[in-house]
Amino acid sequence: MYLYNIHTHKAGPEEMNGYKVQYILNTSPGDFEDGILAPDNIRFSCGVHPWDAENAGGQLTRLNEVVRNKSILAIGEAGLDKLKGPDMKIQENVFRQQIELAMSVNKPLIIHCVKAWDLLMALHKEYKSDIPWIIHGYRGNADQTKQLVRFGFKFSVGEFFNEDAIRHIPIDSLFCETDISEISICKVYESISLVLGLLFNQFVEIVADNMSIISK
């Protein structure tokens, strides 16, 4: 059985507390090596971050070249950020291109969203996509969570989260991550399982089942 770290910028130990660990490393298209032979416990997400959306034509071209690599399990992190990055129109254009690419290759989106929830939901409604849209580093409150759940979003949770919100996420829509934190993925699993009133090993099995939509 694996502990899955769905979004991280650094791989850690191959085993932790008796479990194997699989990492999905975030990378940009320019940094991804198409012929890379990654260890079995490391896979990738690859995308253009909204902060880097300005003049992203070359990165998007490169993403189209590498996206079908079997070690790339998801597109991202991609999305929208009203607090940092270029004009929202530029960010939206780059995000749209990645949504359409993810749909064409049938791979999930790992989403970065800051203060742009209305636009994110509008795009989700517009595209009517069957691919998973997974919001990474989710810290929203309960009311926001209920709304996003109705739209069908999935959620990746890390070191910091709103406990009340976690209780409103369908258990089959929940993932774990460390992002840039130094916390171990094992600690993230422990924290969330306590909030949900689940045994650690029960939660490990649930997340492993949820991963089938990504590592299919």
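Structure first, text after, so check above.
Residues numbered from 1 in each chain as written. Predicted model: local features only at pLDDT ≥ 70, side-chain atom pairs only at ≥ 80, totals over all residues. Heavy atoms only, no water.

Q: Got a minute to help me understand the packing of aromatic side chains in this structure?
A: Here the distance between the centres and the angle between the planes together describe a pair of aromatic rings. As enumerated under the stated definition, the model contains 9 aromatic pairs in all. Aromatic pair F32 and F44: ring centres 5.3 Å apart, planes at 80 degrees, arrangement edge-to-face. Of this pair, F32 sits in the loop between β3 (19-27) and β4 (42-46) while F44 sits in strand β4, placing them 12 residues apart in sequence. Residue classification places F32 among the buried positions, given a relative accessible area of 3%. Residue classification places F44 among the buried positions, given a relative accessible area of 8%. Chaining the aromatic ring pairs together yields one cluster made of Y19, Y189, F200 and F203. When the ring centre of W51 is taken as origin, the NZ or CZ atom of K84, which lies over that ring, is 3.8 Å away. (Phe/Tyr/Trp six-rings, centres within 6.5 Å; stacked < 30°, edge-to-face > 60°. Helix = DSSP H or I, 4+ residues; strand = E, 2+ residues; numbered from the N terminus. Buried < 20%, exposed > 50% of the residue type's maximum accessible area, 1.4 Å probe, protein only. Lys NZ or Arg CZ within 6 Å of the ring centre and 35° of its normal.)

Q: Would you mind going over the packing of helix α3 (residues 117-127) against helix α4 (residues 142-151) with me for this structure?
A: Each packed pair of helices is defined by two parameters, the angle between the axes and the distance between the axes. The geometry of α3 relative to α4 is characterised by a closest axis approach of 10 Å and an angle of 15 degrees between their N-to-C directions. Comparing their axes, α4 and α3 come out roughly parallel. The two elements α3 and α4 cross, and the hand of that crossing is left-handed. In this structure, α3 uses W117, M121, H124 and K125 to contact α4, whose residues at the interface are Q144, Q147, L148 and F151. (Axes fitted to C-alpha atoms, helices over the stretch in contact; angles between N-to-C directions. Parallel < 35°, antiparallel > 145°, perpendicular 65-115°, else oblique. Left-handed = near helix turned anticlockwise from the far one by under 90°. Contact = heavy atoms within 4.5 Å.)

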